[in-house]
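# Architecture and fold: a report
Chain by chain, the residues:
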Amino acid sequence: YAAKSRKRHWKIYSEDLNKNALEHLAIANKLQNAIDKQQFQLFYQPIIKASNNSIHGAEVLLRWKQADGSYIPPDTFIPIAEQSTLIHDITCWVIKQAIEDLAILDKQGFTGCLHINLSAKDLHNNMLLTCLDKIAAKVTPQRIIFEVTESAMMTDIKQATKVMVELVNSGFAFSLDDFGTGFSSFPLLRDLPIEQIKIDRSFVINMASHEANQSIVRSIIFLAKSLNCTVVAEGVEDNTSIGLLQVMGCHYLQGYFFSRPVSLEQYQQLLDALPPASSESHQTRLNSF
Ligand code: C2E
Ligand code: MG
Ligand code: MG
Ligand code: MG
């Protein structure tokens, strides 16, 4: 009887596995044509200057639109794209589209930076450099910040550093995304040309009522400032957290309290309603790289 029930459990487990594998395959197949079929869309989430509540810039967030009007979130399809070279095509598409959108925003008087997320895989070969080379004439590197996570660097630190240094020398900047959830490695912070740290939203979302998270956020801000990095708190959802973050000296705020990620058109409306601060090109932190 025991053996029989074990067998039954195994069957359920195996059906689950098959279902996931099939779903995965279905997504991987559809993903191949998503660029050609123009199913990708960029959303923008404002990044706010903590000192005066002006719009400092925006994070570019990718959305995959389905035929029925729904969206598959990036956390679902980016990991699948990362299993092939498709991720490079997607990253390159995002960069090109964001730069076109930036030109539209600039006509409206926008002077801020766009934050573009890179995948770990993008730093492990020269695809990113090739992509940027091709569109070099259209890009102002000082207006672009690439967001990377620590895991991106850990796999092949030598190659990742090479790509980052080359891009920093061209005028781009790097922000360390989701800081605090990964390795929080001090050697990485010390050795890589990072000019900004983004505190992971898991520490920020409930910080108003969570003492330990407040201590962690305060410490990350102190660490970032000691390293001459700017700091962004992501996941700002309430007014109490904003007050705390301002007292702690956090430079920039991002979260649902200000705005969810919105379409380009809606972002333009936000800019109209809340004018951006004067000039917000990033300054290069270290010239020695
Ligand atoms: P991320 O880079 O850490 O982006 C921030 C995520 O937090 C976004 O989720 C954003 O919608 C969400 N968020 C912002 N404010 C709040 C808040 O106040 N509360 C809560 N609960 N969430 C907030 P999204 O857009 O679903 O993106 C998820 C992840 O997918 C991103 O995390 C990033 O790692 C990845 N991703 C998004 N776009 C791209 C892309 O173009 N390329 C690559 N490689 N990855 C991307
Ligand atoms: Mg990000
Ligand atoms: Mg993040
Ligand atoms: Mg993330």
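Residues numbered from 1 in each chain as written. Chains lettered and ligands numbered in written order. Predicted model: local features only at pLDDT ≥ 70, side-chain atom pairs only at ≥ 80, totals over all residues. Heavy atoms only, no water.

## A word on the nonpolar core
- Leu114, Phe146 and Leu245 are the most contacted members of the largest nonpolar core, which has 77 residues in total.
- Ranked by residues supplied to this core, first place goes to helix H3 (residues 86–107) with 10 residues.
- Not counting the four nearest positions on each side in its chain, Phe146 is found in contact with Ile95, Ile116, Leu118, Leu132, Leu167, Phe172, Ala173, Phe174 and Ser175. (Core = buried A, V, L, I, M, F, W, Y, C linked by side-chain atoms within 4.5 Å. Buried < 20%, exposed > 50% of the residue type's maximum accessible area, 1.4 Å probe, protein only. Helix = DSSP H or I, 4+ residues; strand = E, 2+ residues; numbered from the N terminus. Contact = heavy atoms within 4.5 Å.)

## Considerations on helix H6 (residues 157–169)
- Taking 1.5 Å per residue as the helical rise, H6 with its 13 residues ought to reach 18 Å, and the 18 Å between its terminal C-alpha atoms agrees with that figure.
- Looking only at H6, the buried set comprises Gln159, Ala160, Val163, Met164, Leu167 and Val168. Buried residues of H6, seen end-on, are gathered within an arc of 165° and therefore sit on one face of the element. More than 90 degrees from the buried face of H6, the exposed residues found are Lys158 and Asn169. (Expected span 1.5 Å × (residues − 1). Arc of directions from axis to C-beta.)

## A short note on the side chain of Glu59
- Checked against the element boundaries, Glu59 lands in strand E2 (residues 55–65).
- A polar side-chain atom of Glu59 sits 2.8 Å from a polar atom in the side chain of Lys198.
- Not counting residues within four places of it along the chain, the set of residues in contact with Glu59 comprises Phe43, Tyr44, Gln45, Ile47, His115, Asn117, Glu147, Asp177, Lys198, Glu234 and Gln254. (Polar contact = N/O pair within 3.5 Å; in protein donor to acceptor, adjacent residues only side chain to side chain.)

## Section: the coordination of the magnesium ion (ligand 2)
- Only Glu59 (OE), Asn117 (OD1), Glu147 (OE) and Asp177 (OD) from the protein reach the magnesium ion (ligand 2) as donors, at distances of 2.0 to 2.2 Å.
- Each donor residue of the magnesium ion (ligand 2) belongs to the same chain, with the gaps between them written as E-x57-N-x29-E-x29-D.
- In this model, the magnesium ion (ligand 2) sits 4.0 Å from the magnesium ion (ligand 3), the two metals being bridged by Asp177. Pair noted here: Glu59 is in strand E2 and Glu147 is in strand E5 (residues 144–148), with a separation of 88 residues, a long-range link.
- Judged by its relative accessible area of 4%, Glu59 falls in the buried class. (Donors = N, O, S within 2.8 Å, 3.2 Å for Na, K, Ca; no water.)

## Quick notes on the site of ligand 1
- Around ligand 1 sit 24 residues in total, of which Arg63, Asp177, Arg201, Glu237 and Tyr256 are the nearest.
- Between ligand 1 and Gln45 there is a distance of 3.1 Å, counted from a nitrogen atom to a side-chain nitrogen or oxygen.
- With respect to ligand 1, the side chain of Arg201 contributes an N or O atom lying 2.7 Å from an oxygen atom.
- Here ligand 1 occupies the largest pocket.
- At the level of elements, E2, helix H2 (74–81) and strand E6 (173–179) are the ones that each hand at least two residues to the shell around ligand 1.
- Broken down by element, the shell around ligand 1 gets its largest block of residues, 4 residues, from E2.
- For the shell around ligand 1, the class distribution of residues is 10 nonpolar, 5 polar and 9 charged. (Near = heavy atom within 4 Å. 1 Å grid on protein atoms, 1.4 Å probe; cavity = no way out; pocket = protein on both sides within 12 Å on 5 of 7 lines; lining within 4 Å. Sits in = over half its atoms within 2 Å of the grid points. Nonpolar A, V, L, I, M, F, W, Y, C, P; charged D, E, K, R; others polar.)

## Structural notes on empty space enclosed by the protein
- In the structure shown here, the tally under the stated rule is 2 cavities of 30 Å³ or more.
- In this model, the second largest cavity occupies a volume close to 50 Å³.
- Contributing elements (two or more residues each) for the lining of the second largest cavity: H3 and helix H4 (127–134).
- Among the elements that line the lining of the second largest cavity, the one with the most residues is H3, at 4 residues.
- Here the residues of the lining of the second largest cavity sort into 5 nonpolar, 2 polar and 1 charged. (Points joined across faces, edges and corners; volume = space filled by probe spheres on them.)

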